[in-house]
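Coordinates in review
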Amino acid sequence: MVFNHQLIPSYLMFNTCNAFARVLPLKTLPVKTVCNVLRCLSNATSNRDQLSVTTNVYTSYLDSNSQQTLDLIKDSFKVIDDFVTEDEEQSLFKEIEPYVKRLRYETSHWDDAIHEYRETERSKWTQENQRIIDRVRNTAFPAGVAPIRSVHVLDLAKTGVIKAHVDAVRFCGDTIAGISLLSSSVMRLADETDNTVFVDALIKRRSLYIMSGIARYKFTHEILGQQMSVFKGQAIPRDRRISVICRNQPDYSQREDMNDNNYQIR
Ligand code: OGA
Ligand code: MN
């Protein structure tokens, strides 16, 4: 599917992508556009101070330069290590690879959120892989929550980077759950109002992270590039990384009230 830049005025491409989402119903968007408008880029830069304080860490997978921020985020960002087995990782890879290898890595993009990546959405899986997707959804989403049917697959090159952004509130609900294949990485969650305050999360290969509530709405998230990929003083080597991300439907009853400055947190 060809993405047509002409469809989107440049002034809508950055922080106003929620507004853009409102005028174009999800169903009418081409696949590539749907993936891309999921993100609202933050003004944050990646050149922030390294972590300076590590005290009383709640969980082994979180680290922060602010105890208060750790307190705030620990309930809304979880990582489950070894969520998929090596065999399951292979099984997902076998299904994803033939498709993504036909795509070219894009060096940069109109919303500038991701560098060196290729992505797709998939709603039909082999039986074995569907079972894994179901397990992700059952683990991440409370009963009664409607998942978005298509699963987002993002293939980030070894040298690729996901810059700080917030997923568009008009396109996806309060929970984002991602499995990481092929490589570990560090995800940084920075306070949207002060990006010098942040929490780093160790996202191991084959883990599942679940981001919801405050972590999803009030913090930007990013995947650190090779140079910055350090967790608790230890280098976390980056390789090609494929994430398989499940999201839930936004709460449509709240849509009219939603805007960039008024996130609904349920
Ligand atoms: C995204 C995103 C994170 C990941 O695609 O919006 O933040 O784990 N991806 O790949
Ligand atoms: Mn995102």
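Going by the structure above, here's the rest.
Computed from a predicted model, the values in this text were never measured in an experiment.

Re the nonpolar core
Nonpolar side chains in soluble globular proteins generally cluster together in the buried interior. Counting 54 residues, the largest nonpolar core has A177, L189, A201, Y209 and V244 as its most contacted members. Per-element accounting of this core gives the leading share, seven residues, to strand β5 (residues 151–167). When residues no more than four places from it in sequence are discounted, the contact partners of L189 are I73, F77, F198, V199, A201, A215, F219 and H221.

Here we look at the packing of helix α4 (residues 86–100) against helix α5 (residues 127–140)
Where α4 meets α5, the closest approach of the two axes is 10 Å, and the angle between their N-to-C directions is 115 degrees. Accordingly, the angle class assigned to the pair α4 and α5 is roughly perpendicular. α4 and α5 meet at a crossing whose hand is left-handed. Within the contact between the two elements, α4 uses E88, S91, L92 and E95 and α5 uses E128, N129 and I132.

Concerning the pairing of strand β10 (residues 219–223)
Among the five residues that make up β10, five are buried, leaving the element largely enclosed by the rest of the structure. Residues F219, H221 and I223 line one face of β10 and the alternating positions T220 and E222 line the opposite face, and both faces are buried. Bridge count between strand β7 (residues 185–191) and β10: five bridges; the pairing is antiparallel. When the sheet's bridge partners are listed, D191 is paired in β10 with F219.

How each quantity is defined
- Residues numbered from 1 in each chain as written.
- Chains lettered and ligands numbered in written order.
- Predicted model: local features only at pLDDT ≥ 70, side-chain atom pairs only at ≥ 80, totals over all residues.
- Core = buried A, V, L, I, M, F, W, Y, C linked by C-beta atoms within 7 Å.
- Buried ≥ 20, exposed ≤ 12 C-beta atoms within 10 Å, placed from the backbone.
- Helix = DSSP H or I, 4+ residues; strand = E, 2+ residues; numbered from the N terminus.
- Contact = placed C-beta atoms within 7 Å.
- Axes fitted to C-alpha atoms, helices over the stretch in contact; angles between N-to-C directions.
- Parallel < 35°, antiparallel > 145°, perpendicular 65-115°, else oblique.
- Left-handed = near helix turned anticlockwise from the far one by under 90°.
- Pairing = 2+ DSSP bridges.

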